[in-house]
Amino acid sequence: TSPIPLSSSPSPIPISQHWDKEVRMAAKELRMPKLTKAIVRCYGKPYAVLGIFSFAVEVVKVIQPVFLGKLIQYFEKYDPNNMDALYEAFGYAAGVSLSTVALTVLQSLYFYHVLRTGMKIRVAMCHMIYKKALCLSSAAMGRTTTGQIVNLLSNDVNRFDEVTTNLHYLWIAPLQAVVVIILLWYEIGPSCLAGVAVLLFLMPLQTMFGKLFGSLRSKTAVLTDSRIRTMNEVVSGIRIIKMYAWEKPFSALVNEVRRKEISKIMSSSVLRGLNMASFFAASKIIVFITFAVYVLLGNTISASRVFVAVSLYGAIKLTVTLFFPLAIEKVFETIISIRRIKNFLLLDEIERPNMRFTLEEKKDASVEIKDLICYWDKVNILAGSILTCLPSHLPQSSLLSAILGELPHDKGVLRVKGQLTYASQQPWVFPGTIRSNILFGKELHPQKYEKVLRACALKRDMELLPDGDLTLIGDRGATLSGGQKARVNLARAVYQDADIYLLDDPLSAVDAEVGRHLFEQCICGILKNKPRILVTHQLQYLQAANQILVLKEGHVVARGTYSELQHSGVDFTSLLKRDEEEEPQTNNNHSVVKHAFSQNSISSHTSSMHSVKDGADQLPELVQTVAEESRSEGNIGASLYFKYLNAGASILVMLGTVLLSLIAEVLTHPKCQAVNTWENRVMTDKSPSLCSGLTLASVIFGFARSLLMFNVLVKAAQSLHNRMFISLLRTPVRFFDINPIGRILNRFSKDIGQLDSMLPITFVDFSQLILQNIGVVAVAAAVMPWILIPVVPLLIIFLFLRRYFLQTSRDVKRLESTTRSPVFSHLSSSLQGLWTIRAFRAEERFQNTFDTYQDLHTESWFLFLVTSRWFALRLDGICAAFVTVTAFGCLFLRDGLEAGAVGLVLSYAVTLLGNFQWTIRQSAEMENMMTSVERVVEYTELESEAPWETQKHPPPEWPSQGLITFDRVSFSYSSDGPVVLKDMKAMFRPKEKVGIVGRTGAGKSSLVSALFRLAEPEGRIYIDGVLTSEIGLHDLRQKMSIIPQDPVLFTGTMRKNLDPFHQYTDEDLWNALQEVQLKSVVEELPNKMETVLAESGSNFSVGQRQLVCLARAVLRKNRIIIIDEATANVDPRTDELIQKTIRDKFRECTVLTIAHRLNTIIDSDRILVLGAGMIQEFDEPYVLLQNQESALYRTVQQMGKAEAASLLESAKQVNTDTASQPNLMSLV
């Protein structure tokens, strides 16, 4: 158990309050709100108190050398008979050891508390960022991206951890410098000013570096946002990218952004290298200059003077030349991060109307719209009625979003009385079980739940799925088919006890039979006493509606009941002939019994109140996700270090770096020798020039070594990132189904962030320290060989401790990395389902789940902090013991010791131990950071799909005919997965138009996956006689066009979305847009074709996005076209135009169309009916419809008599057309 309460829920709330207060104050005073103010108000006091610890540490560091000097003085004036002096010396020895102990305790406490403060601020910021993300308005969503939010949560908030450690040094360093100068003046007089001058020169220089770091950081952050955003889109749209064979332009895009990002990081690293080298060089230069001046002024050097001066400079060296510039650098970086977080927190929020209703109001739940934005006339929707919106083009979803409050309205009245619930057009599911997706935070009432499952036609699916409704849904519902997602989405809305139901086209993603069932059992069954607003393109359901609204381009074209509209002659009625024989059964469902309804409403209201109350006591459930994320075990081997370094440099460069480091170190140490011999003989003339030469050389080599190492490590980060990305693009689609997006983004944001910034610093620091230590021990041993006696056992103890510590900490660090993934996954899925979460008022529940994930991550992070403190305390403790033994040991062995030797031993005991334990600590820290390298390397070695190009290329004009043959094809998505196509034999003739139908989950989309080799099928597929498994994936995929079920657009211009390779002229692009009815839409955009789309094209309706995908296919002019339910989300008129385009443009092509809407494929040459992965029937539509036993006939009969008759008519028409043409098919 941890010593502090970890829950992040109490701590974030005060900061939110402080921030809200600051925003209000700023509005009053007409200025920009400052997030820094809120943070200081919330955390300033406790953090300021920690400054006392830090101050105490530095005071002790200054006092210790004074005691040391007095002790050496005793040896200089050594008189065996003077007992007073001896007792005094014992006092000083006690002073030295006590100050070492004090340092141990104080430092440990200080670091523990500041890191905890940093952690608290970070957790609170994450809480606020997520809370903000849940209430962003649609306009604000256009100004931010998932990538940016992920970057804020993974990299920007980390600045708080880094800045809290060093912030206090901003005031301590100058103060300490002043104290040390006074003490030095007292020791060696005015010549100390020479050394101080160097210090004063360094401080402003490093402040300037700090500012540069800040500006580089802000530029890097923008590029990182953009890289993570692109990554997010690539991972979300990976199926499309693979089917279009667009991997190369995307990897070029990411590599380009990464190249810019790396160039900024490289600049920061050059600065860092200079900064660190100046830190290592400063001490050498300062000591050398001080004593050179001291000697030149005609003073003689004594041991105590040298060692006091060296130790004092040592105490100040760390603070002034390392912590102070680091503090400046981190402060500037944190300011940038705070500014980015503040800008995000100030984005527009959605305005939520009050949704608390009295029982009276709930009784007559209604939506009233009047002159809304001066487009819509007055529309009233009353209890128990269905309003069907018949859209053409865009506005239907806009109407729903206005009712939901997602679309702000300028003018007019919009009154909603009652609790809303909503089923979105693009079904949204979040990672978790199917049951948790349907219940969505409500309690489970088994009877009601069963009723909902039955009404939403999910009963059968639950029986088929391995764990029934406890089956885990992957990220973005990867394990479900499109129709299943749509029905789960609908079931969620139905299960809520709401007053008004907004259903945005829930019937388009399912086949006719299921659609009929949903409409009768669910929309007109379970919900029959509630007001429902149904947006639909399916005309056969209109008769059941109480009121129909026909919308066109934002205007109400017509409204009224079905019969009123028929007489008014609006164009939709021509699509549906009045069917006299149809029994008027649909209308009696809706003679609303007011009394019964209000009774239901009251009982349902009370039950929903109960469920809210009971739910308050329960903890937010931690949703299980798909498979656990893999974590490596055991040691980090030398092979990983080699892989890491080798990614950045060849073996020769590595050897060169080692050599450089050795030279730099060798040059450093003779100086110490010189100081030691100085005191024995007065300086001769040669000594100063020799010394200055050595000092200069060591400084130059030090800089070169530092820069070279940074260069190698940053290159390693770049090359590992690129290799990871290419490996990700080459891995089969299955990988993306089982790994949530947050897990992949975590490696690209957090782990790569570690490789870019923290790891190189630690690595360089460690390598320099290790060489320094070897040098120090070598020099000490040369002067006094017996110093090796205690050093060896100490080293063994240190290494044992390190091994013991790393076994735990390495795995804690790995755990910390994996517990971060769910935080990102949760964010990503929340942003996708934002409208649903808000319509269901589930923000608080999602916030709690987010906080639970955060807490889990914080727990592992805190564990890591505590284990590190444990290690530091043990190391410091051993050092303190050693210093005590040495100090008293010198006194007990006082006879026959030279002052110089004692001075050397003592000052080395103090500095060496400080260095030793810092080295061991850095090596442990480095190994912990190497877990990030390990995670990145793991992704560079993912299994790869078949090669993109092989030796065997198909002929250039292939496929010239478009003949597709399936020869005993079986298909499953993974080696251990279920077989979804079984032993399939079929032949699609050249230029033939084939419609593919079947129940949801019958294997229609799997047929496409097999054709595109998204996983390798068994059996043989031939296209124009070429065996597809023998050619490269790109050769195969570029020759077929697909219009996918989920339309995917990428951030970038409209032109880039149509033609990422720049293969076509403007004229081609405009023609393609015209053919798919989008030309007018694109012309209205501000920059026409060059307009940059919002993230994943969210400023287009789903139907329009599908048309863009169709335009892509028109451009590619391939012989084989696959259309996967591409027109499910467009209205019948547009659908008809698209079908016409397909018939004209693709006359010479083989077209396979998967469709739920039978009227889109009834005019095909043949229809293939699939069931459970097998072919049930495959023949001409007219022939199938003549046979009353056929599956197609049964499906058509379910659509109502009028529709069935018109479908039969169309099939007959096609049949006669085909018969009248000369028989082309006999060629096959």
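Look above for the structure.
Cut-off values and rules
- Residues numbered from 1 in each chain as written.
- Predicted model: local features only at pLDDT ≥ 70, side-chain atom pairs only at ≥ 80, totals over all residues.
- Heavy atoms only, no water.
- Pairing = 2+ DSSP bridges.
- Helix = DSSP H or I, 4+ residues; strand = E, 2+ residues; numbered from the N terminus.
- Axes fitted to C-alpha atoms, helices over the stretch in contact; angles between N-to-C directions.
- Buried < 20%, exposed > 50% of the residue type's maximum accessible area, 1.4 Å probe, protein only.
- Arc of directions from axis to C-beta.
- Phe/Tyr/Trp six-rings, centres within 6.5 Å; stacked < 30°, edge-to-face > 60°.
- Lys NZ or Arg CZ within 6 Å of the ring centre and 35° of its normal.
- Contact = heavy atoms within 4.5 Å.

1. What about the sheet that holds strand β14 (residues 993–998)?
With respect to topology, six strands assemble into an open sheet ordered β17-β20-β21-β14-β22-β23, the strand pairing being mixed. The open sheet terminates on both sides in strands that have one partner only, identified here as β17 (1040–1043) and β23 (1174–1179). Neighbour to neighbour, the strand axes of the sheet diverge by 15° on average, direction disregarded.

2. Quick word on helix α15 (residues 446–455)
Each α-helix winds once per 3.6 residues, and so residues spaced three or four apart point in a common direction. Those residues of α15 lying buried are Y449, V452, L453 and A455. The arc that holds the buried residues of α15, viewed along the axis, is 165°, so those residues lie on one side. Across from the buried face of α15, at angles greater than 90 degrees, the exposed residues are P446, Q447 and K451. Downstream of α15 by one or two residues, A457 has phi in the positive range, about 55°.

3. Concerning the packing of aromatic side chains
The final tally for this structure, using the stated rule, is 28 aromatic pairs. Site record: aromatic cluster; members linked through ring pairs are W428, F430, F440, F840 and F846. Note that R730 overlies the ring of W948, its terminal NZ or CZ placed 3.9 Å from the centroid.

4. Some points on the sheet that holds strand β12 (residues 964–971)
Taking strand neighbours across the sheet as the criterion, the four strands line up as β13-β12-β15-β16 in an open arrangement whose pairing is antiparallel. Each having just a single partner strand, β13 (981–988) and β16 (1026–1027) make up the two edges of the open sheet. Both β12 and β13 contribute to a ladder of five bridges, which runs antiparallel. When the bridges of β13 are listed, F971 appears paired with L981. In the packing of helix α31 (residues 1004–1012) onto the sheet, the strands contacted are β12, β13 and β15 (1018–1023), and the crossing angle to β12 comes to about 105°.

5. Observations concerning the pairing of β15
In this structure, β12 lies alongside β15, joined through five bridges in antiparallel fashion. Pairing of D967 across the sheet is with R1020, part of β15. Judged from the two bridges that link them, β15 and β16 form a sheet pairing that is antiparallel. Bridge assignment links Y1022 to a residue of β16, and that residue is L1027. Linking β15 to β16, which pair antiparallel, is a turn of two residues; within it D1024 sits at a positive phi near 50°.

6. Quick notes on the environment of V59
With respect to the secondary-structure elements, V59 resides in helix α2 (residues 35–76). A residue is classified by how much of its surface remains accessible, and V59, at 32% relative accessible area, is partly exposed. Along the sequence, V59 and V179 sit 120 residues apart, while their C-alpha atoms lie 9.2 Å from each other.

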